[in-house]
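# Secondary and tertiary structure notes
Chain residues, written in single-letter form:
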Amino acid sequence: MEFQTIPIMRIFDEDKAKEFYLGFLGMELDWEHRFEDGYPIYIQVSLGDFVLHLSEHSGDCAPGSKVFVNVSHIDQLFAQVTAKPYKYNKPSIEEAAWGARCFTVTDPFSNRILFNESTDT
């Protein structure tokens, strides 16, 4: 039995969402759906096995969510993310209270993604 969890993040502006998730985080646009012009958009983005759904639909989720993502090679990911000119986020790697190394980014809609690398590997 296999499972995959795909968090849904609430967005309010398609262009700002794409600037953050595709531009800053370097994720790929897998697909997007809109029932018709003038309706909210629903998008899937991914970076390897990390998949998110981004939704302008008000009933899907609440803004200000936080997603905890376990990663390997956090230094490599951090270097890729911070090499891009994005003036709204300046993350730093921290030593977490639980003994891991992590950094957090916040999207334009107050959703946070905490990238975590365990030191128990």
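Bear in mind the structure is a predicted one, so any value in this text is a computation, not a measurement.

Now for the overall build of the chain. Helix and strand content of the chain: two helices and eight strands. Going residue by residue from the N terminus, the α and β elements of the chain occur as β-α-β-β-β-β-α-β-β-β. For the chain, the C-alpha radius of gyration of 15 Å lies close to 14 Å, the compact-globule estimate for 121 residues. Across its three principal axes, the chain shows a C-alpha extent of roughly 50 × 40 × 25 Å. Per-residue burial for the chain yields a buried fraction of 39% across its 121 residues. Restricting the contact set of the chain to residue pairs at least 6 apart, pairs at least 24 apart contribute 53%. With the model as given, the accessible surface of the chain reaches about 7300 Å², and the carbon-plus-sulfur share is 49%.

Thresholds, definitions, all that
- Within each chain, residues carry numbers counting from 1 in the order of the written sequence.
- Owing to the predicted nature of the model, reporting of local features is limited to residues with pLDDT of at least 70; listing and counting of side-chain atom pairs is limited to 80 or more, with chain, interface and lining totals taken over all residues.
- Neither water nor hydrogens contribute to the side-chain values; these are computed over all heavy atoms in the structure.
- Put simply, DSSP H or I for four residues or longer makes a helix, DSSP E for two residues or longer makes a strand, and each gets a number counted from the N terminus.
- Restricting the calculation to C-alpha atoms gives the radius of gyration, and the globule rule supplies 2.2 Å times the number of residues raised to the power 0.38.
- A simple rule labels every residue: compare its accessible area, found with a 1.4 Å probe on the protein chains alone, to the largest value its type can have, and call it buried under 20%, exposed over 50%, or partly exposed in between.
- Here, residues are in contact when the closest pair of their heavy atoms is within 4.5 Å.
- Method for areas: the Shrake-Rupley scheme with a 1.4 Å probe, in which residue coverage is limited to the protein chains shown.

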